[in-house]
Structures are given as C-alpha cells and as structure tokens.
Amino acid sequence: MARTKEPVSTAYTTGGAAAVAFSGVTRSYGAVRAVDGLDLEIAAGETVALLGRNGAGKSTTLTMLLGLLPPGTGSVRLFAGTPETAVRAGRVGAMLQDGKPLPRVTVRELVTFVAATYPRPMAVTEALELAGLSACAGRRVDRLSGGQAQRVRFAVALAGNPELLVLDEPTAALDVEARRAFWRSMRAYARRGNTVVFSTHYLEEADEHADRIVVMDGGRVVADGSGEAIKRRAGGTLVSFDLAGAATEPLATLPGVSAVEVRGDRALLRTTDSDATVVALAGLGLVRALQVTPTGLEDAFLTLTSGNAGGHAPAHSAATRSAKELA
C-alpha cells in the first residue's frame, strides 16, 4: 500500500524577530506547483538547513527569498520588509551554484570590488580569511580549481557583511577537508549572531551544523525542527530481522511500529518503542538476525518524503497512522 504523508510539524516557533517570513506562498511553472502554500519563519541568529529531494521546491524557495522571483500568491518578508529592500540595504548575502568566473581578475580584486558596492562591508582581508582564500588572494579567479572557485563564491557572499546569508549547496564542489574548513568558517560567522539558511544534499552536514532542519516535499514543509526531533518523529528506532518466509501483514500492528519496509527477505520496522516491538517479535518467533539501531537522519528523510526513495519497497499503512499522531 502506498504511504500517505502528512506534515510532522509545520508550527515550529522561534524567539526574537523574524529574519525570514513566508506566509501562504505559492509559485507555479505552468501546471507544475513548485511551492504550495509555504508558511515558514526563521528567527534572527538561527542556522537553518533546507532539505528535500530534487523538485521538492528548495531552489524556488531560495530564489523567492532573495527577491529574484516573485511569489504567485502570499508574501515573503526579510526583516519585516521586502527582499528587495533587504538586499539593497546590504543585509543579505548569497552563495548560489550558478555563475562563471571572471577572466583576468584576481581573487582579492573581485572581493574588493564587491565589498565596495555595500554600505557596511566586511574587511576584504577578513572575508578572504573566513573563506580560506588568504593564500590564493593574488591568483586569477578563472585559474582556480573547482573547490577554490566555490570558496570565492563564499567570500563574495560575505563581502557585504550581511546579517542573513543564503547558501545553495555550498560544499558541493569541495573535498572532505575543504568541507570541514568551510563549516568551521560558517560556524564562526553564525556565532556573531548572523542568520544562515543553506540547502544541502549532505544530510550529515544538516544534522551537524544546523540549529533547525526544514524538510520540504511537493512544495510544502513536511518536517520542521532539530535533527534529533525529526529522527524521533519519523520513528525513533529501526528494528530489522530476517523474515524467513513469515507473513508481513501482522507487523504493522505490533506495539510501537510506525512503518514497515520489506527489502528482499529482510523486514525493517520503524518504531517508537523498540523494547515493546522486540518483545512482540519474540512472541512471533521473528528474531533471526535481529538488529536494533537508532534512526539516522537519512532514514527519517526517506520516511518523510514521498516516493520510494532508493528503490525500497513502500511502507505499510502504519506510516500513515504515525504521521497523523505526530502532526
């Protein structure tokens, strides 16, 4: 049976003034509804990760946040004003995936030029240091590696000393060590009280570096909270075992079970009470190769987003019951 999704939570509240506020926002491309009634607030000083499969509405949301695309309906506000006003005032910096390097311009020259367009820019030396580019400052931008070019985009985003920093897949072109260095810089910037919104396909980055994770699917928010909260709400523990030919129908009714998946001859149960689930399985004689593990963010993400991600078999209707209980 196909899984029916309902939002885990769409009422995450934050203290302080809202740096970002989406209210009833929609955006369509022809017959395709990319963003569908989005309500979202981000408080000043928060670091928020935006997760979702391709086509979930993340990029459209970020584009509207930056004022590059108007909403079809609803409103987008930054610091209680329009995105355009916040951008013109230098309160917003963005690091996007698109863009070609300028020829015959050094890193320092580019960052210096961008900084000069803002009313209260960051010192160029500081922006280069935060982006890990001090050693490359004299090199031409069009002769840098992919990872170095990504750091240049980061330095450009920092140049205006913005209160809100928007990052679209910021570590996509970086190796492991460069990614670690980037997040060290990002945490240092956020600790100054700045607001950071980033999208990423690296779920471990969201779990480790975001105060709050917003999961989008089908243009809507389907989960909103800390990484630990999202894992708990999606089913706090995974219990797996070999079926050995046993029927799967009774599994959805076991104590604590919120979803059931079958992968070959192995069953995977998501449960909010692993002890009760294991006792019930023992009563059925289903303890062959039994494993009990905490739910990771990837498992929670797959549970909360639509479709059979990864090619796994669909979950039974118990997932629907869990979503309703958690909403």
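Shown above is the structure to which this text applies.
Remember, predicted model here, so these are calculated numbers, not experimental data.

Participant: Could you give an account of the overall build of the chain, naming the residues involved and the relevant values?
Facilitator: Secondary structure summary: the chain contains 11 helices and 13 strands in total. Excluding contacts between residues fewer than 6 apart, the proportion of contacts in the chain whose partners are at least 24 apart in sequence is 70%. Put simply, the chain shows about 14,800 Å² of open surface, and 52% of that area lies on carbon and sulfur atoms.

Participant: So what's going on with the pairing of strand 9 (residues 220-225)? Residues and values would help.
Facilitator: Consecutive residues of a regular strand have side chains that alternate between opposite faces of the sheet. Of all six residues making up strand 9, five are buried, and the element is well covered by its neighbours. Here strand 8 (residues 212-217) runs beside strand 9; their pairing, made up of five bridges, is antiparallel. Along strand 9, the bridge assignment pairs Met-216 with Val-221. Hairpin geometry of strand 8 and strand 9 is characterised by an intervening segment of two residues between the two adjacent antiparallel strands and by a positive phi of about 60° at Gly-218.

Participant: Got a sec to walk through the sheet that holds strand 13 (residues 291-294)? Specific residues and values, please.
Facilitator: Note on sheets: strands pair through backbone hydrogen bonds, and any given pair is parallel or antiparallel. Here four strands make up an open sheet; going across it, the order is 11-12-10-13 and the pairing antiparallel. The open sheet has two edge strands, strand 11 (257-263) and strand 13, and neither has a second partner. Mean inter-strand twist for the sheet, computed between neighbouring axes without regard to direction, equals 20°. Alignment of strand 11 against strand 12 (residues 266-271), held across six bridges, turns out to be antiparallel. When the sheet's bridge partners are listed, Val-257 is paired in strand 12 with Thr-271. On the sheet, helix 9 (residues 274-284) packs against strand 10 (237-242), strand 11, strand 12 and strand 13 and is oriented at approximately 15° with respect to strand 10.

Participant: Can you lay out the sheet that holds strand 5 (residues 92-95) for me, pointing to particular residues and giving the numbers?
Facilitator: Pairing in this open sheet of six strands is mixed, and the strands run 5-6-7-3-8-9 from one edge to the other. Where the open sheet ends on each side, the last strands, each with one partner, are strand 5 and strand 9. This sheet shows a mean twist of 15° between the axes of neighbouring strands, independent of strand direction. Relative to strand 6 (residues 164-168), helix 1 (residues 58-65) is tilted by about 150°, and along the sheet it contacts strand 3 (47-51), strand 6, strand 7 (195-199) and strand 8.

Participant: Explain a nonpolar patch on the surface to me, using residue names and the numbers behind them.
Facilitator: On the surface, Val-287, Leu-290 and Val-292 cluster together to form a nonpolar patch covering roughly 210 Å² of accessible area. Following the sequence through the fold, Val-287 ends up in the loop between helix 9 and strand 13.

Participant: A description of the pattern of salt bridges should follow, citing residues and the corresponding values.
Facilitator: The full count for this structure, using the stated rule, is 15 salt bridges. For the salt bridge of Asp-224 with Arg-212, the shortest nitrogen-to-oxygen distance reads 2.8 Å. On the criterion of sequence distance, the pair formed by Asp-224 in strand 9 and Arg-212 in strand 8 is long-range, its members being 12 residues apart. In this pair, the class of Asp-224 matches that of Arg-212, namely buried. With a shortest N-O distance of 3.0 Å, Glu-261 and Arg-263 are connected by a salt bridge. Classification of Glu-261 by relative accessible area gives buried; the value is 8%. When salt bridges with common partners are traced through the structure, they connect Arg-33, Asp-36 and Arg-220 into a single cluster.

Participant: Please provide a residue-by-residue account of helix 3 (residues 107-115), values included.
Facilitator: Restricting attention to buried positions, one finds in helix 3 the residues Val-107, Leu-110, Val-111, Val-114 and Ala-115. Buried residues along helix 3 cover an arc of 130° about the axis, so they all sit on one side. Close packing links the buried residues of helix 3 with helix 4 (124-130) and helix 5 (146-158).

Calculation notes
Numbers given for residues are sequential positions, taken from 1 along each chain in its written order. For a predicted model such as this one, the threshold for reporting local features is a pLDDT of at least 70, and the threshold for listing and counting side-chain atom pairs is 80 or more; totals across whole chains, interfaces and linings nevertheless cover every residue. Computation of side-chain values: all heavy atoms of the structure, hydrogens and water removed. Here a strand is any run of E in DSSP of at least two residues, a helix any run of H or I of at least four, and the numbering for each starts at the N terminus. Should any heavy atoms of two residues lie within 4.5 Å, those residues are counted as being in contact. Computed by Shrake-Rupley with a 1.4 Å probe, the accessible areas treat only the displayed protein chains as cover when residues are assessed. Exposure classes here rest on a 1.4 Å probe applied to the protein chains alone. A residue is buried below 20% of its type maximum, exposed above 50%, and partly exposed in between. Strand pairing follows a simple DSSP-based rule, namely that at least 2 bridges must link the two strands. What counts as an axis is a line fitted to C-alpha atoms, over the stretch in contact for a helix, and the angles between N-to-C directions run from 0 to 180 degrees. Patch definition: residues with relative accessible area over 30% and no salt bridge; like charges joined within 9 Å; nonpolar side chains (Val, Leu, Ile, Met, Phe, Trp, Tyr) joined within 5 Å. Basic side-chain nitrogens of Lys or Arg form a salt bridge, by our definition, when they fall within 4 Å of a carboxyl oxygen of Asp or Glu. The arc in question is traced by the directions running from the helix axis to the C-beta atoms.

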